[in-house]
Amino acid sequence: MAMTDKHNHNDNKELQPLLVLGPPLVFPIFEAQNLHNYRFLKAFSSQLPLHQFLTKQNVDPSSIQVILCNPHQQVSADVIRLLPSLCIIVTTSAGTDHIDLAECSCHGIQVVSIGGD
């Protein structure tokens, strides 16, 4: 059984990383349904600054293309600049006041609001 757990952990590192800055209310369901599609990086569960969190997780910031956030988490210019391959930010709010839209525009990053939280 320990070998299986180790194998799954290694496979997890090969999955596309999805940075979760603030989990939406439906995150446990979304995560359960997508465990085989993404490596969920739960930055919200860490007190470390984002760059240190990613280092501790052995994740190259340039590998992150997607952020999932809620309206309570700021997606600042510093966060956006840290992730040079970022393509899309998905927020579970109707508004986007918590996201630096000017910085997103400068980097060609799409912001998608799915409402709900």
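Residues numbered from 1 in each chain as written. Predicted model: local features only at pLDDT ≥ 70, side-chain atom pairs only at ≥ 80, totals over all residues. Heavy atoms only, no water.

Novice: Looking at this structure, I do not really get the pattern of salt bridges. What am I missing?
Specialist: Oppositely charged side chains are able to pair whenever their charged atoms sit close together. Overall, the coordinates contain three salt bridges when judged by the stated rule. A salt bridge links Asp78 to Arg81; its shortest N-O distance comes to 3.2 Å. With Asp78 and Arg81 both in helix 4 (residues 77-82) and three residues apart, this pair spans about one turn of that helix. You can call Asp78 exposed: its relative accessible area is 56%. Note that Arg81 and Glu103 form a salt bridge whose closest N and O atoms lie 3.2 Å from each other. One end of the pair, Arg81, is in helix 4; the other, Glu103, is in helix 5 (residues 101-107), and 22 residues separate them in sequence. Linked through salt bridges whose partners overlap, the residues forming this network are Asp78, Arg81 and Glu103. (Salt bridge = Lys/Arg side-chain N within 4 Å of Asp/Glu carboxyl O. Helix = DSSP H or I, 4+ residues; strand = E, 2+ residues; numbered from the N terminus. Buried < 20%, exposed > 50% of the residue type's maximum accessible area, 1.4 Å probe, protein only.)

Novice: Where do I start with the pairing of strand 3 (residues 66-69) in this structure?
Specialist: Along a regular strand, successive side chains alternate from one face of the sheet to the other. Residues Val66 and Leu68 line one face of strand 3 and the alternating positions Ile67 and Cys69 line the opposite face, and both faces are buried. Inspection of the sheet shows strand 1 (residues 16-20) paired to strand 3 by three bridges, in the parallel sense. Along strand 3, the bridge assignment pairs Val20 with Leu68. Bridge count for strand 3 against strand 4 (residues 88-91) is four bridges, and the pairing is parallel. Each residue of the ladder has a partner; that of Val66, found in strand 4, is Ile88. This β-α-β element, strand 3 to helix 4 to strand 4, shows right-handed connectivity. (Pairing = 2+ DSSP bridges. Right-handed = clockwise from strand over helix to strand, strands pointing away.)

Novice: Is there a simple way to think about the pairing of strand 4 in this case?
Specialist: Where strand 4 lies against strand 5 (residues 110-113), four bridges are found, and the strand directions are parallel. What sits directly across from Val90, in strand 5, is Val112. After leaving strand 4, the chain enters helix 5 and then returns to the sheet as strand 5, a path that is right-handed.

Novice: Help me out: how do you make sense of the environment of Ser85 in this one?
Specialist: Structurally, the position occupied by Ser85 is in the loop between helix 4 and strand 4. Judged by relative accessible area, which is 28%, Ser85 ranks as partly exposed. Between the C-alpha atom of Ser85 and that of Val66, which follows or precedes it by 19 residues, the distance is 8.7 Å. What Ser85 contacts, discounting residues up to four positions off in sequence, is Ser62, Ile64 and Gln65. One polar contact links the side chain of Ser85 to the main-chain carbonyl oxygen of Ser62, over a distance of 2.7 Å. (Contact = heavy atoms within 4.5 Å. Polar contact = N/O pair within 3.5 Å; in protein donor to acceptor, adjacent residues only side chain to side chain.)

Novice: Honestly, helix 2 (residues 27-34) in this entry has me stumped. Any pointers?
Specialist: For the α-helix, the turn length of 3.6 residues means that residues three or four positions removed from each other point alike. Those residues of helix 2 that fall on the buried side of the exposure criterion are Phe27, Glu31 and Asn34. For helix 2, the angular spread of the buried residues around the axis is 80°, confining them to a single face. Exposed residues lying more than 90 degrees from the buried face of helix 2 are Pro28, Ile29, Ala32 and Gln33. Check the buried side of helix 2 and you find it contacts strand 1, strand 2 (38-42) and strand 3. (Arc of directions from axis to C-beta.)

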